[in-house]
Amino acid sequence: MSQISVEHLSFAYDGGEMLFRDVSFSIDTCWRLGLTGRNGRGKTTLLRILAGQLPCAGAVRDKVPCVLFPFPVTDPTLPAAELLRSFAPDAPDWRCACEAERLGLDGAVLARAFESLSKGEQVKCMLAALFVQQGKYCLIDEPTDHLDAAGRRCVSAYLRHKQGFLLVSHDRDFLDGCTDHTLALGRDEVTLCRGNYSVWEREKLRRDASEQARDAQLRREIARLDQAARRAEDWAGKAEQEKHTRNSGLRPDRGYLGSKAARLMKRAKTVQARRQQAADEKRTLLRQVETAEALRFQPLRWDKPSFLVQAQEVCLYYGDRLVCRTSFCLRAGQRLAVTGPNGCGKSTLLNAVCGAAVKRTGTLVTAPGLVISRVPQDPGECTGTPAELAARAEVDRTLFFTLMRKFGFEREAFAQDASRFSTGQKKKALLALSLSKPAHLYVWDEPLNYVDVLSRKQIEALLQNAEIALLLVEHDRAFLRNVGADELALL
């Protein structure tokens, strides 16, 4: 067992806000450690710092070298087996084959060129390349976003039997299945918890509730002390005035009245000190409480009795290759999740529903007058300032900006080019654009890739409380359960 110690870490990109300010923590390299936090908090940056790819203020002390996933593949034409061996040239062939087999990669897959593998197979191959190396600590950044549901289960089971790694993922079921410690990046601190994501979440909710209750108690205490201080000051002022008045021609006892005024003023200062102490304690609370406002939007109502989308014996082709065959009927208010292994035509089906020129046979019909709002799988089109994004999409800019703020964007982001956003922030911007467009049907292709858990919960709450029709591809099983999506399985 070795330790990695981060001491007084500070880091900011050129011209950007401070991501880390005087952060310190230590981790054991035998832990199966999950890393969580909102988009833009610096999870990928932290992994790059630990891997030695970014200079920083402070010190990172470790006893083992670190390797980072994903990594660039310099020659993708090489067979996958050779790629594995290139990362550990001294490792015996059986070790490479064993790591690959545990991830479901057989000899036939390993014999193919890396570039010819599916995205999911490439992810598994790169993970095997990480772990075939001995004596290195693996830093794994978002491995699930090119994996189907079966692939996620396979990789989670694989990682569960590894001795140690640091893993970034926003898939709650995936994290629960393979981690035993959780490192969380808050607004201005890093917290460490023994247990998987669900354990950390329960502890955080308990801690947040405790702080919120204490905050409410201090608010009441401060209001009471403010009233008490004002009363004591008023009484002290009146006692001071009595020293300079005459009552029925008698000289007032100035010594007594002065002593009384001094006692009352002292009481007022004592109350003020207690009030300041309560205010100081209150300022230490709620700094790490993560809140997310409820999302609001205005979908179009579909009052007709007819279907929205109907497919009858539809066969879809990629070039001349048949990729899927399906039949389904989607009606108003229904949520339909298209599932299946990588390469089975899920995105092709969504493209066809949205009107793309896809080679097909059979009958695929969308209802006349149907308005569709879409989130594409690739966030590469997310460029330009948020105002320019809203103008291109022809959506209400005020609503779009409001949704961005509720998704955790700071106001400074509205002046930035979206190409500078993190990948998770780009996906949230595209989700905000989609929700800003009034539509009968929302078609989302892997909308939650790289999106943090708090934002996923916002979308869950929105879908639970809104009557909208949704056709989506998504592999987050917890999300699909929580929104009550029906499954359309493609084989």
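Residues numbered from 1 in each chain as written. Predicted model: local features only at pLDDT ≥ 70, side-chain atom pairs only at ≥ 80, totals over all residues. Heavy atoms only, no water.

*Asks:* I tried to follow the overall build of the protein chain on my own but got confused; where do I start?
*Replies:* Scanning the protein chain from terminus to terminus reveals 15 helices and 17 strands. In the protein chain, which comprises 491 residues, the share counted as buried stands at 49%. Residue pairs at least 24 apart in sequence account for 71% of intrachain contacts in the protein chain once pairs closer than 6 positions are excluded. Accessible surface, the protein chain: about 24,200 Å² in total, of which carbon and sulfur atoms supply 48%. (Helix = DSSP H or I, 4+ residues; strand = E, 2+ residues; numbered from the N terminus. Buried < 20%, exposed > 50% of the residue type's maximum accessible area, 1.4 Å probe, protein only. Contact = heavy atoms within 4.5 Å. Areas by Shrake-Rupley, 256 points an atom, 1.4 Å probe, with all protein chains shown as cover.)

*Asks:* What exactly am I supposed to notice about the packing of aromatic side chains here?
*Replies:* Applying the stated rule across the entire model yields ten aromatic pairs. With 5.3 Å between their ring centres and 50° between their planes, F409 and F421 make a pair best called tilted. Placement of the pair is F409 in the loop between helix 12 (397-406) and helix 13 (423-436) and F421 in the loop between helix 12 and helix 13, with a sequence separation of twelve residues. We note that F409, like F421, is buried. Grouped by ring-pair contacts, the aromatic residues F131, Y158 and F165 constitute a single cluster. Taking the ring centre of Y317 as reference, the NZ or CZ of K359 above it sits at 5.5 Å. When the ring centre of F409 is taken as origin, the NZ or CZ atom of K428, which lies over that ring, is 6.0 Å away. (Phe/Tyr/Trp six-rings, centres within 6.5 Å; stacked < 30°, edge-to-face > 60°. Lys NZ or Arg CZ within 6 Å of the ring centre and 35° of its normal.)

*Asks:* Hey, could you run me through the pattern of salt bridges in this one?
*Replies:* Two side chains of opposite charge can pair, provided their charged atoms sit close to one another. Inspection of the entire model under this criterion finds 21 salt bridges. Put simply, R38 and D452 hold a salt bridge, and the shortest N to O gap is 3.5 Å. Within this pair, whereas R38 is found in the loop between strand 3 (32-37) and helix 1 (43-50), its partner D452 is found in the loop between strand 15 (441-445) and helix 14 (453-464), the two being separated by 414 residues in sequence. Among the residues examined, D452 registers a relative accessible area of 1% and is labelled buried. K457 is the partner of E201 in a salt bridge, and the nearest nitrogen-oxygen pair spans 1.9 Å. One end of the pair, E201, is in helix 8 (residues 197-242); the other, K457, is in helix 14, and 256 residues separate them in sequence. (Salt bridge = Lys/Arg side-chain N within 4 Å of Asp/Glu carboxyl O.)

*Asks:* What am I meant to see in unusual backbone geometry here?
*Replies:* When glycine is set aside, most residues are seen to have a negative phi, and most peptide bonds are trans. The peptide bond linking F69 to P70 adopts the cis configuration, its omega dihedral lying at 0°. When you line up the elements, P70 lands in the loop between strand 5 (66-69) and helix 2 (80-87). Of note in the backbone geometry, E142 takes a positive phi value of approximately 50° without being a glycine. Take E142: it is sitting in the loop between strand 6 (137-141) and helix 6 (149-160).

*Asks:* Got a minute to help me understand the confidence of the model for the protein chain in this structure?
*Replies:* The predicted coordinates of low-pLDDT regions are not to be read in fine detail. Summarising the model, the protein chain shows a mean pLDDT of 87, and 90% of its residues fall at 70 or more. Mean pLDDT per element in the protein chain: helix 9 (residues 254-283) is the minimum at 68, and strand 15 is the maximum at 97. (pLDDT = per-residue confidence, 0-100.)

*Asks:* Please clarify how helix 2 should be interpreted in this entry.
*Replies:* One full turn of an α-helix is made of 3.6 residues, so residues set three or four places apart face in the same direction. All buried positions along helix 2 are accounted for by A80, A81, L83 and L84. Along the axis of helix 2, the buried residues cluster in a sector spanning 160°; they form a single face. In this structure, the buried side of helix 2 is in contact with helix 3 (93-102), helix 4 (107-110) and helix 5 (119-132). (Arc of directions from axis to C-beta.)

*Asks:* What is the right way to look at the sheet that holds strand 16 (residues 469-473) in this model?
*Replies:* Adjacent strands of a sheet form backbone hydrogen bonds with each other and so pair up, either parallel or antiparallel. What the five strands build is an open sheet, ordered 14-15-16-12-17; its pairing is parallel. Looking at the sheet topology across the chains shown, the edges are occupied by strand 14 (372-375) and strand 17 (486-489). Sheet twist, expressed as the mean angle between neighbouring strand axes with direction ignored, is 20°. Pairing geometry for strand 12 (residues 335-339) and strand 17, over four bridges, is parallel. Counted as the bridge partner of V338 is L488 from strand 17. Against the sheet, helix 13 touches strand 14 and strand 15, its axis set at about 165° to strand 15. (Pairing = 2+ DSSP bridges. Axes fitted to C-alpha atoms, helices over the stretch in contact; angles between N-to-C directions.)

*Asks:* Please explain the sheet that holds strand 3 as it appears in this structure.
*Replies:* Pairing is mixed in the open sheet, where six strands are placed in the order 5-6-7-3-8-9. The outermost strands of the open sheet, each flanked by one partner alone, are strand 5 and strand 9 (190-194). On average, adjacent strands in this sheet sit at an angle of 20° to one another, irrespective of strand direction. Where strand 3 and strand 7 (residues 165-168) come together, four bridges link them in parallel fashion. Note that in strand 7 the partner of G34 across the bridge is L167.

*Asks:* How should I be thinking about the packing of helix 2 against helix 5 in this particular structure?
*Replies:* Their axes nearest at 8 Å, the elements helix 2 and helix 5 cross at an angle of 30°. It follows from the interaxial angle that helix 2 and helix 5 lie roughly parallel. As for the relative orientation of helix 2 and helix 5, their crossing is right-handed in sense. Between helix 2 and helix 5, the residues in contact are A80, L83, L84 and F87 and C125, A128, A129 and V132, respectively. Its residues assigned to classes, the contact of helix 2 with helix 5 comprises eight nonpolar, no polar and no charged. (Parallel < 35°, antiparallel > 145°, perpendicular 65-115°, else oblique. Left-handed = near helix turned anticlockwise from the far one by under 90°. Nonpolar A, V, L, I, M, F, W, Y, C, P; charged D, E, K, R; others polar.)

*Asks:* Help me understand the nonpolar core in this model?
*Replies:* For soluble globular proteins, the rule of thumb is that nonpolar side chains tend to be buried together. If you look at the biggest cluster of nonpolar residues, it comprises 42 residues, and the most contacted ones within it are L84, C125, L130, F131, I140, L159 and L167. At nine residues, the largest contribution of residues to this core is made by helix 5. In this structure L84 touches C96, A100, L110, C125, A128, A129 and V132, once residues within four positions along its chain are discounted. Counting residues in hydrophobic clusters, the runner-up holds 39 residues, among them V375, F400, L448 and V483. (Core = buried A, V, L, I, M, F, W, Y, C linked by side-chain atoms within 4.5 Å.)

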